[in-house]
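Residues per chain, in single letters:
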Amino acid sequence: MSKKRVLSGIQPTSDSFHLGNYLGAVKQWVELQDSHDAFYCIVDLHALTVETDPALLRQRTLASAAQLLALGISPEKSTLFVQSQVPQHNQLGWIMECMAGFGEASRMTQFKDKSAKAGSDSARVGLFTYPMLQAADILLYQADLVPVGEDQRQHIELTRDLAGRFNARYGQTFQLPEAYILKAGAKINDIQDPTAKMSKSSGSVAGVIEIMDTPEANLKKIKSAITDAGREVTFDPIEKPGISNLLTIHSALSGRTIADLENEFAGKGYGDFKAGVAEVVVEYLRPIRQRALDLLSDEKHLIEILHAGSAKAREVASTTLEATYKGLGVVS
Ligand code: AMP
Ligand code: TRP
């Protein structure tokens, strides 16, 4: 039997991914590439939904590729590519916009949050149509699974609805994808404000652990993480959101169970616990950051990897787009 297909995407909107991106998504990408036919996309067109600086977009697209490779995405096992290098994404994106209802698109919580933040006068139309482009990203590859963080669940549901609607109206064309969302790691919170998700657009620099930050900077951030009332290191997301978030991070990186960690730190204070978490995070990220820096020093090589991936992606995408056009009755 042929392998199941996986597709996911990440926006090149900052100089560094953070631990939420890694634990919520990219760690699963790396694991799935061994058992699945994997397509991973740097979604630069999605990044254009907010104001972007050309030099920064270029730099961040390459930095995203370098970090994905450093985190363990292998170009031999996975197809790693850039969305704008595969024009079929825009082409199917339009068709998905024509499948989606205005009301259903208006209910997307990410759109509501982001447009509220931008203010309705500065929010772009692209922010509104963003989920339909995302649906195209997924459906072009007939993906079975989409590994993402919890915040993307609604977009994957919309993708399924649009695919089902198209199939019912124009004949079986698209695989219905499923979201692949792990319980632990699906939502990593800000370490200064542990009731909010860790996010590159959030205001708190001190609360976001970045892959590309220096080991010294990350050490300092974790040692200054906000803790909760009480003194016991126990997992209780309601009463102890700060400690629970740090336990989740430690457990995901060290591979140890939460119970095991609670035992180790029983009777010790929050200070000792934070030092333990810092050690695990810093040592985990140290070689990854170095590998990413090494990769970034050879842009030509990085660009070759992306070109090869995009060429493979175009083959699959063009087959799906042809079938879609045929179903729609477009004259070819
Ligand atoms: P983005 O940075 O919005 O392109 O997100 C890239 C991936 O990281 C998506 O699959 C998100 O669901 C995931 N993600 C982003 N922030 C977090 C977080 N704080 N916790 C868990 N997953 C996250
Ligand atoms: N919207 C996703 C995010 O903010 C990024 C994304 C774009 C994506 N296209 C995708 C994720 C396709 C999974 C599949 O994280």
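Since the model is a prediction, treat every value here as computed from it, not as a measurement.

Draft legend 1. The site of ligand 2, seen in detail. As a structural note, the neighbourhood of ligand 2 is formed by 13 residues, with G9, Y130, Q134, D137 and Q152 the closest of them. Side-chain polar atom of Y130 to a nitrogen atom of ligand 2: 2.7 Å apart, as the coordinates give it. Between ligand 2 and the protein, one listed contact pairs a nitrogen atom with a side-chain N or O atom of Q152 at 3.0 Å. Contact with the protein chains hides 90% of the accessible area of ligand 2, taken as 360 Å² for the molecule alone. With respect to the pocket detection grid, ligand 2 is positioned in the largest pocket. Going through the elements one at a time, β1 (5-10) and α7 (125-139) are the ones with two or more residues in the shell around ligand 2. With four residues, the top contributor of residues to the shell around ligand 2 is α7. Residues belonging to the shell around ligand 2 are distributed by class as follows: six nonpolar, six polar and one charged.

Draft legend 2. A look at the site of ligand 1. Neighbouring ligand 1 are 18 residues, the closest being G149, D151, I188, M198 and K200. Across the complex, the protein chains shield 92% of the 490 Å² of accessible surface that ligand 1 would expose by itself. Among the cavities detected, the one that contains ligand 1 is the largest pocket. Broken down by element, the shell around ligand 1 gets its largest block of residues, four residues, from helix α1 (residues 19-35). Across the shell around ligand 1, the residue classes tally to six nonpolar, eight polar and four charged.

Draft legend 3. Looking closely at the layout of surface pockets. In this structure, the largest pocket spans a volume of roughly 1,400 Å³. Lining of the largest pocket is provided by 50 residues; of these, Q11, Q110, K114, D151 and K197 occupy positions nearest its centre. Looking at the lining of the largest pocket, the elements with two or more residues in it are β1, α1, α6 (109-118), α7 and β4 (145-147). Sorting elements by how many residues they give to the lining of the largest pocket places α6 first, with six residues. Taken together, the residues of the lining of the largest pocket break down into 18 nonpolar, 21 polar and eleven charged. Residue lining of the second largest pocket: 13 residues in total, with K187, F235, P237, S244 and T248 positioned closest to the centre. In terms of residue class, the lining of the second largest pocket is built from five nonpolar, six polar and two charged.

Rules of the game
- Residues numbered from 1 in each chain as written.
- Chains lettered and ligands numbered in written order.
- Predicted model: local features only at pLDDT ≥ 70, side-chain atom pairs only at ≥ 80, totals over all residues.
- Heavy atoms only, no water.
- Near = heavy atom within 4 Å.
- Polar contact = N/O pair within 3.5 Å; in protein donor to acceptor, adjacent residues only side chain to side chain.
- Areas by Shrake-Rupley, 256 points an atom, 1.4 Å probe, with all protein chains shown as cover.
- 1 Å grid on protein atoms, 1.4 Å probe; cavity = no way out; pocket = protein on both sides within 12 Å on 5 of 7 lines; lining within 4 Å.
- Sits in = over half its atoms within 2 Å of the grid points.
- Helix = DSSP H or I, 4+ residues; strand = E, 2+ residues; numbered from the N terminus.
- Nonpolar A, V, L, I, M, F, W, Y, C, P; charged D, E, K, R; others polar.
- Points joined across faces, edges and corners; volume = space filled by probe spheres on them.

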